[in-house]
Amino acid sequence: MTLLDDLVKKYSQTDLGLVFTKVGIDGNKISEINRQVLKEVTLAQWLLESGRASSDLATKANNFAGLKWREPDMIGFAEPLKIKVPSETEEVTFCKFADVDAFIVGYWKFLTRSPYKGLEEHTNTPENFLGFLKSKGYSSAPDYIPKIVNLLPEAQKLLTNVSGVEILPSPVSVEQLQVIRAPQELTVGQVFNIEGVARLTDKGRVMSVMIDDRFPVEGVKIGEDGKWQLNFVFNQAGDRTMLLGIDDQSLTLKFKVILPVAQQNQSTSTTPEATVIQLTGSVGVGGVNKPDDVKAVKARLYELGYTWAGEPNTPSINRGLYDAIRLFQSIIAGRSTVQGDGRVDVDGTTHQWLQAANAPRWVLMPESEPDNGFINGELAQTHDHHDFGTHWLAETIKNIAQDYQNSYRNTRPNAAPFAINDVSLPHGGDTPDHRGHETGMMCDVFLPRKNGQFGGISWTNAEYDRDATRAILKSIRQQKLVRLGAVFFNDSTLIREGLCKPLGGHDHHIHFEINPPARS
């Protein structure tokens, strides 16, 4: 048995859940499906790093991933070994592992080090996992990610054919039909792939596929391991649906299908706020990052207010650019937390939104207009900085204030104004004060008091003005971008009236969120 055969056989039999427990990775955050994704992509990574287990580092140290010695993290998992490798000009100290099993455990131990904190949140796709590693400095090679992705089919085949005998990958046991990965937005004529998993008892059966609730297409056969995949293409733009079903189980997938950028530019390029960004390669985490492409993306982000992306029209790349892209992606996806992959792909959703006339700008929230019944209480709080968000939210806030003024305060001039509190921090992202509020798409509102003031009370307080609150909620719900299912406040009377929903921690303020508009 060759060294590569030994590596593949032992890794195919490894329970990653047990490994994660041993080294300190939170396995509860990584589903069984994602563990299979990780097993495939890391084997592809090791094939690249070790020259298919033929490098000196692999044969002399059982180190298939180019792991350098890190003390004290690797003590007890490996030993230091000075060795000359082709990528270095002199001897460097690497990790030496006792055997293949020790390497497998040691590899995941290496990824518990502080630079890789949060790895558990980046395991749903090979590209997401690799992009996370690369962003943390695992490799500086510009083509590192595409090289590994190209090796994925080989890694998958090796895991299913150990020593020439076909062995199915460890089955993923699920009770319900599930989707592993699927796009949400794509262009007309774009071939795309959907992957999922079904119950093992359904292996070999055919799952039905229905488009837009009326067009049946060829079904999908479920593999022996419970996995299935479907390639499809939409030839008409619009909001499209796909219904997948077998027996009493079904899944409905929704897609936004849009015209290609070239066709959109015919109608949007004359709009003053629209722009054309010609890219020849991807930009950001794990991207190709050609200088002219980087400059173009940075210039547009800077123009839109994401100034921490870096000096416009310069090709330098830093964490600020990655963070700005991730925030932008999370905004256009309508998320409350930052979850983007940090990469702008040519003609991808992020690229198209960057060119849009109504691309989200990052702005300071509106200043108070006391004479028009609007107060930005957050701006007055110099110790707090949740003052920033999208221009979509800023415009929505102003529209709410105007509607509340027209519909309620004009006939009740002594009523409390519409007063807002927290939105997001100057660069968006994580805030210790909230579980969300990371993307500039949500806003907190002070409660009105009967004496015309606001804040500092709960809905059970005698000073609380329910009538004014009712009017504020109605004005909020009038706005076309407001997500009606995400207007939260715990006044039981107003909940019964259908104006809000209950949520823990919302006795003292109203919380509302908005959706992205249609791209234009």
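All of these numbers come straight from a predicted model, not from anything done at the bench.

A. A look at unusual backbone geometry. In this structure, the amide linkage connecting E71 to the following residue, P72, adopts the cis form with an omega of 10 degrees. Summarising the element assignment, P72 is placed in the loop between α4 (56-61) and β1 (79-83). Positive phi, close to 55 degrees, is recorded for D247, a residue that is not glycine. Mapped onto the fold, D247 is located in the loop between β11 (238-246) and β12 (249-258). On the basis of relative accessible area, D247 is assigned to the exposed category, the value being 57%. Positive phi, close to 60 degrees, is recorded for N289, a residue that is not glycine. Its location among the elements puts N289 in the loop between β13 (283-284) and α10 (291-303).

B. View of the side chain of Q405. Along the chain, Q405 turns up in helix α13 (residues 391-409). At 2.9 Å, the side chain of Q405 forms a polar contact with the side chain of R409.

C. Here's a closer look at the packing of aromatic side chains. Taken as a whole and assessed by the stated rule, the structure comprises 21 aromatic pairs. Judged by centre distance (4.5 Å) and plane angle (40 degrees), the rings of Y11 and W46 are tilted. Note that Y11 is positioned in helix α1 (residues 3-12) and W46 in helix α3 (residues 32-50), a separation of 35 residues in sequence. Each member of the pair, Y11 together with W46, is buried. With a centroid separation of 4.8 Å and 70 degrees between ring planes, the pair formed by W46 and F103 is classed as edge-to-face. One end of the pair, W46, is in helix α3; the other, F103, is in helix α5 (residues 100-110), and 57 residues separate them in sequence. Per residue, the accessibility class of W46 equals that of F103, and both read buried. What links up through ring pairs into an aromatic cluster is the set Y11, F20, W46, F64, F97, F103, Y107, W108 and F129. It is K39 that lies over the ring of Y11; its NZ or CZ is 5.7 Å from the centre. Of note, R519 hangs over the ring of W353, and the distance from its end group to the ring centre comes to 5.8 Å.

D. Molecular detail of the state of the cysteines. For the coordinates displayed, the defined rule picks out zero disulfides. For the unlinked cysteine C443, the closest cysteine sulfur is that of C500, found at 16 Å.

E. Quick look at the environment of D73. Mapped onto the elements of the fold, D73 is located in the loop between α4 and β1. C-alpha of D73 to C-alpha of G305: the two residues are 232 residues apart in sequence and 40 Å apart in space. The residues touching D73, leaving out its near neighbours within four places in the chain, are K109 and R113.

F. Representation of the environment of D248 in the model. Assignment of secondary structure puts D248 in the loop between β11 and β12. Assessed through its relative accessible area of 69%, D248 is described here as exposed. Distance in space between the C-alpha atoms of D248 and Q176 is 10.0 Å, their sequence separation being 72 residues.

G. Structural view of the sheet that holds strand β5 (residues 178-181). Spatial ordering of the open sheet is given by β5-β7-β10, a layout of three strands whose pairing is antiparallel. Single-partner strands in this sheet number two, and they are β5 and β10 (227-232). Along the sheet, successive strands turn relative to each other by an average axial angle of 35 degrees, direction set aside. Pairing of β5 with strand β7 (residues 192-197) involves three bridges; the strand directions are antiparallel. The residue bridging R181 from the neighbouring strand is E195, located in β7.

What counts and what doesn't
Along each chain, residue indices are assigned from 1 in the same order as the chain's sequence is written. Local features in this predicted model are restricted to residues of pLDDT 70 or higher, and side-chain atom pairs are both shown and tallied only at a pLDDT of 80 or more, whereas totals for entire chains, interfaces and linings draw on every residue. Excluding hydrogens and water, the side-chain values take into account all heavy atoms of the structure. Put simply, DSSP marks the helices as runs of H or I at least four residues long and the strands as runs of E at least two long, and each gets a number from the N terminus on. Relative accessible area decides the class of each residue, using a 1.4 Å probe on protein chains only: under 20% of the type maximum gives buried, over 50% gives exposed, and in between gives partly exposed. Here a polar contact means two N or O atoms within 3.5 Å. Within protein one must be a hydrogen donor candidate and the other an acceptor candidate, and residues neighboring in sequence count only if both atoms are side-chain atoms. Aromatic pairs are defined between Phe, Tyr and Trp rings, using the six-membered ring for Trp, whenever the two ring centres lie within 6.5 Å; interplanar angles under 30 degrees are classed as stacked, those over 60 as edge-to-face, and all others as tilted. Only when the NZ atom of a Lys or the CZ atom of an Arg is both within 6 Å of the ring centre and within 35 degrees of the ring normal do we say a charge sits over the ring. Two cysteine sulfurs form what is called a disulfide whenever their separation falls within 2.5 Å. For this analysis, residues touch if any pair of their heavy atoms sits within 4.5 Å. Paired strands, in this sense, are two strands between which DSSP finds at least two bridges. Inter-axis angles, ranging from 0 to 180 degrees, are taken between N-to-C directions of lines fitted to C-alpha atoms, where helices are fitted over the stretch in contact.

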